[in-house]
Amino acid sequence: MPFRSSLPHLLSVLRRHRRRLALGLAAAAGLGLVLAFLYGFTCGFAGCPSVEEIRAFRPSEGGRVLDREGELLGRLRPVRRVVVPLERIPPHVRQAFVAVEDRRFREHGGIDWRSVGRALWRNLVSLGVREGSSTITMQVARSAFIGDHDGRVSLGRKLIELRLAPRIERALSKDRILELYLNLIYLGDGTYGVEAASRHWFGKSVSRLTLAEGATLAALPKAPTVYEPRRHAERARARRNLVLALMAREGFVSGERARAAARQPLRVRSRGWRPATGWSYAVELARAFVDSALGRDAGRGELTVRTTFDARAQRAAEQAVRDRAAAIGRGVQGAMVALDPGSGEMLAVVGGSGPAAGGFNRALAARRQPGSAFKPFVYAAAIEAGLTTVTPVDDSPVEVVDAGRVWRPANHDHEYGGTIPLRLALARSANAATVRVSQWVGPGRVAALARRLGIASPIRPLPSIALGAVEVTPLELVAAYAPLANGGFRVEPHFVRSVEAGGRTLWQGNPKPPAPVLDPRDAFLVTSMLQSAVDEGTGYVLRELGVHDPVAGKTGTTNNGADVWFVGYTPSLVAGFWFGRDTPRSLGGGASGARLAAPAWASFYRKAWRDRGAGEGWRAPAGVVERVVDPETGLLAGDYCPTRRLEWFKAGTEPTEHCREHDSPVVEFFEDLGQAIGEAIGDLFDDD
C-alpha cells in the first residue's frame, strides 16, 4: 500500500486507541521512574556500603607494595594523589572550596534541599540534567563509592548520591567528610586531592599555599580542563577571582584581603609533578600477581600487598645489574634472583638492566645455558654416590664417544692439573676432571639430582650436561642451589605473603614447606667444596673485592662466552647473577663468570647483606667427621707432609692410613729398623 494512502488509516487507528496508548506510555514512564528510584535506593542494585565500610574508607594512593619489614617498595597503580590530614591543609584553602562548592556545608545533613529544588527546576526547564546540585558530601559519595566515570551527570548516579549522602553524614564528622573531599577531588591534569595538585601546579606542599593559590585550586573542580591555569590562564584567573569574591561574601576573608589577592598575577610552575611510583621488577611482579590472583577485584579498594622482598636488597640488586651490564658493554642485559634458602622467600629480583619491555622478566623467563654454574650438581651426585672430597680424579685431556661422535671438551686455556682431588677439581672448575666424574656417576643420575633440587627445565642426560649444556632460568638455578645452602631441603620460591584491602585479607600465602631432597651430609660436603671455589678457586675475585664472610659459590661461563654467571650463598642468602645479550653472542675475549658476573655479586652483597650475618658459616651435621689429610694423596697427613688440610667426611668414608710419600729415606730407615727390632723382641717373648 502506498505511504500516502496508508497514513489516513494509521491516524484513524491512533485516534481510536489513543486512550490505551496514553495509559501504556504513562505505565512505562511510571515503571521507569520506579526502577530509577529502586536503582538509587539500592546503590545501583549492588547494595549500599555499610557504616563500617564508610568509616574504614581511605582515599587510594594507588595501593601499596610493602617489603618484608613493611617498608614501601612502590605503588600498585599510578595514581597522582598524596593523602594529607585536614590539619595540614590551611584554613583558607578549606574555606575556598567550601565557599565555591558548598557554602551551607556546615548546616545541611548531606543534601542541600534549596540547591536541589533550584537544580530540579532548571533541569525541567531545559528538559535535561544540566545542574547537579552536589554538596561536598554527595561528591564524596560519588568519588569514594560510586566512581566518577566520565564526569557526566546522570539521574541514576544522582539518586545514589542522594541515598548515600545522609548515611555518610551519620557515619562521619563534618571535618572527616571535608578531609576526604579535599583528598579525593579531581583537580586537573591527572591530579587528585589538594596536596598532589599543589605540588603539580605550584611546586610546593598545600600547607605553604597563599590565599590566591588556594583559590586557584578551588576554581578547578567545576571544569578542570576549562580552567587549567597553564593553557587557559585568563579563564583560570577570572575563576580564581570569583572564588575570592565568594570567600569575602561568606565572611571567610575581608573584602580588602580578597581584592589584594585578586590583583596578584597567576603563576604556576612550567613543569608538572609526578609521584615516584617506585618502579622495580619486584613491584611489577606484585602487580602481575594481584591481577592474576584477584582478577576483577584487583581494581577495587586500596590494596596492600605484603611481599617477601627486602627493600635494601632490591635497590642494591638493581644497581648491581645496571652498573655491571653497562660496564660489560652496549646491548648487554642482566638478571638476578636472591632467595632466603631456608624458606624460599624471594628477597630481590631483577629481570633486566632497565625497565621491562613488554613485561619480559629475564630472571623468571629467560632460559640460558649455565655453563660451569651447573657443575655443583655433578659433584653433589658424586658425593651422594660415595666419592669423597679427596677422591683423586684425572684432569688430563679427555674424549667421550656418544652416539658415534667423539666429544673432546677442553679445560680453560688448555691447562690441566693431572691427578687432583675432587675438591680441587670443582674449585678450579676443571672441565676434563668434571666430565670424568659425570661419566663415572652417569649423566642420568646427574640430571635426576638436578631435577630433585629444583631445576624444572628439560634436562637431557647427555655427556655435555657435565659442563652445563642445558637451558635454565636464573630463578630455577638459584632455587636449585638452596638445598646446598640449607642442609638438603628443596624450597618453593615465592614473593607474596598477603593481599589486604580495608582491613580484610583478600589473599593469604600458603607456600609448600621445605622438603628433604638431599642428605644433609652431602649438602654440607658440597658446600665445603664450593667454599674452596671462593677461597682459592674461580670465585676468588669475591675476596679481592672485599667479601670476607663465609661464602660458597660457583662461576659459570658458556663455551663461546655468550653467558656469564655467578651463584653464591651464605646460610641466610642464595643469589645468582647472569649477564649476556638477548640474542646470544660472545661478550668478548676473556669473558668469564669470574671477571664479569662475580663483581656484581660482590657489589650486591657488600651493600645489601654483609651486615645481615653469615655468622661462622655452616655447622657440620651429625654423621660428619673431620680429619687432617695430605691433599695430594687424600691420606691422613704424616709428620713430614708439606701441605695439610682439614677435611670433612661422612663417617665411615674417612681415610685410615697415613701418608708416607713425604717421609725422608733416613726417617724411613730408622722407622723400618725400629719396626724390625720390635718384631724381633716380640718373637723372643713368643718363644718363651
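Attention here is on the structure that accompanies the text. Every value quoted in this text rests on a predicted model; they were computed, and no experiment measured them.

## Topic: helix 14 (residues 311-328)
For helix 14, built from 18 residues, the straight-helix expectation of 26 Å at 1.5 Å per residue is met to within 8% by its first-to-last C-alpha distance of 26 Å. Among all positions of helix 14, only Ala311, Ala313, Gln314, Ala316, Ala317, Glu318, Ala320, Val321, Arg324, Ala325 and Ile328 are buried. In the core, the buried residues of helix 14 are packed alongside strand 2 (72-75), helix 13 (281-294), strand 6 (333-339), strand 7 (346-350), strand 18 (573-580) and helix 23 (593-608). Where helix 14 begins, one side-chain oxygen reaches toward the backbone nitrogen of Arg312, 3.2 Å away; that side chain belongs to Asp310. Just downstream of helix 14, Gly329 is the residue with a positive phi angle, here 155 degrees.

## Notes on the environment of Ser532
If you trace the backbone, Ser532 turns up in helix 21 (residues 520-536). When the C-alpha atoms of Ser532 and Ala427 are compared, they prove to be 5.7 Å apart, with 105 residues separating the residues in sequence. Beyond its immediate sequence surroundings of up to four residues, Ser532 is in contact with Arg423, Ala427, Gly537 and Arg645. In terms of polar contacts, Ser532 uses its side chain to reach the side chain of Arg423, at 2.8 Å.

## Here's the deal with the environment of Arg490
Note on placement: Arg490 falls in strand 12 (residues 489-490). Note: C-alpha distance between Arg490 and Gly342 (148 residues apart in sequence) is 8.9 Å. Each residue touching Arg490, except ones within four places of it in the same chain, is listed here: Arg451, Arg452, Leu453, Gly454, Pro483, Pro514, Ala515 and Val517. Separated by 3.3 Å, the side chain of Arg490 and the backbone oxygen of Arg452 make a polar contact.

## Here's the deal with the sheet that holds strand 13 (residues 496-501)
Pairing is mixed across the open sheet formed by five strands, whose spatial order is 2-1-5-13-14. Of all the strands in the sheet, the pair left with one neighbour each is strand 2 and strand 14 (504-508). If you compare each strand with its neighbour and ignore which way they point, the axes differ by 20 degrees on average. By the bridge criterion, three bridges tie strand 1 (residues 64-66) to strand 2 in an arrangement that is antiparallel. Bridging across to strand 2, Arg64 finds its partner in Arg75.

## Quick notes on the sheet that holds strand 17 (residues 563-570)
Whenever strands of a sheet pair, they do so through backbone hydrogen bonds, lying parallel or antiparallel. In spatial order, the strands read 7-6-18-17-16; together these five strands make up an open sheet with antiparallel pairing. Every other strand in the sheet has two partners, leaving strand 7 and strand 16 (552-557) as the edge strands with one partner each. Within this sheet the neighbouring strands show an average axis-to-axis angle of 5 degrees, counted without direction. Looking at chain direction, strand 17 and strand 18 are connected through eight bridges and run antiparallel. Residue Gly568 lies in a different strand from strand 18, and its bridge partner there is Ala575. Running over the sheet, helix 23 touches strand 6, strand 16, strand 17 and strand 18 and is turned about 135 degrees from strand 18.

What counts and what doesn't
Residues numbered from 1 in each chain as written. Predicted model: local features only at pLDDT ≥ 70, side-chain atom pairs only at ≥ 80, totals over all residues. Heavy atoms only, no water. Helix = DSSP H or I, 4+ residues; strand = E, 2+ residues; numbered from the N terminus. Expected span 1.5 Å × (residues − 1). Buried < 20%, exposed > 50% of the residue type's maximum accessible area, 1.4 Å probe, protein only. Contact = heavy atoms within 4.5 Å. Polar contact = N/O pair within 3.5 Å; in protein donor to acceptor, adjacent residues only side chain to side chain. Pairing = 2+ DSSP bridges. Axes fitted to C-alpha atoms, helices over the stretch in contact; angles between N-to-C directions.

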